[in-house]
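Structural overview
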Amino acid sequence: MERSAERTPVVELRDIKKYFGAVRALRGVDLALNRHEVLGLMGDNAAGKSTLMKVLSGAYIPSEGGIFIEGQEVHFASPMDARRMGIEMVYQDYALANNLDVAGNVFMGREVVRFKLGPFGVMDYPHMEKETKNLINRLKIDIPSVRQKVERLSGGQRQAVAIARATAFDAKVIIMDEPTAALSVAAIDKVLDLINQLREHGSSVIIISHRLEDIFRVADRMIVLRQGRKVCDTPVSGDIQDFRERVVAYMIGARNDFAEASPVL
Ligand SMILES: Nc1ncnc2c1ncn2[C@@H]1O[C@H](COP(=O)(O)OP(=O)(O)O)[C@@H](O)[C@H]1O
Ligand SMILES: [Mg+2]
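These notes cover the structure that comes with them. Because the structure is a prediction, the values reported are computed rather than measured. (Residues numbered from 1 in each chain as written. Chains lettered and ligands numbered in written order. Predicted model: local features only at pLDDT ≥ 70, side-chain atom pairs only at ≥ 80, totals over all residues. Heavy atoms only, no water.)

Quick look at the packing of aromatic side chains now. Under the definition given, this model contains 2 aromatic pairs. Pairing F20 with Y60 gives two aromatic rings, centres 5.3 Å apart and planes at 70°, and the pair type is edge-to-face. Of this pair, F20 sits in strand β1 (residues 11-20) while Y60 sits in the loop between α2 (49-56) and β4 (64-69), and the two are 40 residues apart along the sequence. F20 gets classed as partly exposed once you look at its relative accessible area, which sits at 35%. Taking the relative accessible area as the measure of exposure, Y60 reaches 27% and is therefore partly exposed. Considering the side-chain rings of F216 and F243, the 5.4 Å spacing of their centres and the 55° angle between planes classify their relative orientation as tilted. Pair noted here: F216 is in helix α8 (residues 212-218) and F243 is in helix α9 (residues 240-251), with a separation of 27 residues, a long-range link. Note on F216: relative accessible area 21%, which makes it partly exposed. (Phe/Tyr/Trp six-rings, centres within 6.5 Å; stacked < 30°, edge-to-face > 60°. Helix = DSSP H or I, 4+ residues; strand = E, 2+ residues; numbered from the N terminus. Buried < 20%, exposed > 50% of the residue type's maximum accessible area, 1.4 Å probe, protein only.)

Okay, here's the thing in structure tokens:
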């Protein structure tokens, strides 16, 4: 019983289609994400990567297709619904509140109330600060103080806060859309380390990136989308140059033999 639960993918997307008027952004995509797995998602601009992840995180409702969490079908009407099922998305622009400190951002939208004063709740700042400190330490994030306003943090630190926020409440699945796009090499290293920490702590991660070397470093498996279809689903292994050649061939459409070469999970 337990064994079969271990084998059930934490997330399964089945034949997802998403249309925006005449634009067919997703034309029937299957995706399975396993426990403790880091899945890379690549593809050219407009391939449908962000749209697919917005479907999984409840930001878009699919035109057709099913979402299954631990084997149960779910219907997300909003990102709150997805969050309740343990699915969190870190957006490209981080979506942080600059005028709040680190703890305030981690707890944004789910502040802990110490007691009620008439219609108002009095925030339990000491609790939120303590929890944020624990989280930052656990994930080995390098931030001087949880009271620091996020507008004063570097790009890498802001990305780390956005990731910490997504992980604060036992997320099963953390989705990151281009988490390394705007970062220095040193900051990229830290974000990739952070992804490894998340996997060690039992989360599954989906990372969208156009940097193949990032995916190669952290991902167990990679999916390539092209023009709204999945054209490759492959373990990440071997030599990076060979891997790159293979992946690029699928990305640009030079190879289209996915169905025969590697059966769907
Ligand atoms: N909200 C939207 N309204 C209309 N078209 C959209 C919307 N979101 C995405 N698209 C279109 O869907 C396609 C896939 O976009 P997207 O998922 O953002 O691609 P990617 O993230 O792979 O670059 C593109 O043609 C894009 O213009
Ligand atoms: Mg995108």
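Next comes the rest of the write-up.
A word on the side chain of T132. Topologically, T132 is positioned in helix α5 (residues 125-138). A distance of 2.7 Å separates the side chain of T132 from the backbone oxygen of M128, its partner in a polar contact. Once you skip the residues sitting within four places of it in the chain, T132 turns out to touch V102, A103, V106, F107 and V146. (Polar contact = N/O pair within 3.5 Å; in protein donor to acceptor, adjacent residues only side chain to side chain. Contact = heavy atoms within 4.5 Å.)

This brings us to the sheet that holds β1. The pairing of strands in a sheet comes from backbone hydrogen bonds and takes either a parallel or an antiparallel form. The 4 strands lie next to each other as β2-β1-β4-β5, forming an open sheet whose pairing is antiparallel. Looking at the sheet topology across the chains shown, the edges are occupied by β2 (23-33) and β5 (72-74). On average, adjacent strands in this sheet sit at an angle of 30° to one another, irrespective of strand direction. Bridge count for β4 against β5 is 3 bridges, and the pairing is antiparallel. (Pairing = 2+ DSSP bridges. Axes fitted to C-alpha atoms, helices over the stretch in contact; angles between N-to-C directions.)

Looking now at the site of ligand 1. Residues in close proximity to ligand 1 include F20, V23, A25, D44, N45, A46, A47, G48, K49, S50, T51 and Y60, which together make up its full environment. At 2.8 Å from an oxygen atom of ligand 1 is found a main-chain nitrogen or oxygen belonging to A46. Between ligand 1 and T51, the relevant distance is 2.5 Å, taken from an oxygen atom to a side-chain nitrogen or oxygen of the residue. For ligand 1, the protein covers 62% of the area, taking 560 Å² as the surface of the free molecule. Contributing elements (two or more residues each) for the shell around ligand 1: β2 and α2. The leading source of residues in the shell around ligand 1 is α2, at 3 residues. Looking at the shell around ligand 1 residue by residue, the classes come out as 6 nonpolar, 4 polar and 2 charged. (Near = heavy atom within 4 Å. Areas by Shrake-Rupley, 256 points an atom, 1.4 Å probe, with all protein chains shown as cover. Nonpolar A, V, L, I, M, F, W, Y, C, P; charged D, E, K, R; others polar.)

Moving on, we get to the nonpolar core. V102, I141, M176, I195, M222, V224 and V247 are the most contacted members of the largest nonpolar core, which has 50 residues in total. With 7 residues, helix α7 (residues 185-200) is the largest single contributor of residues to this core. Core analysis: the next-biggest nonpolar cluster, separate from the first, contains 28 residues, A47, F76, I175 and I206 among them. (Core = buried A, V, L, I, M, F, W, Y, C linked by side-chain atoms within 4.5 Å.)

These values are about where atoms sit, not about what they do.
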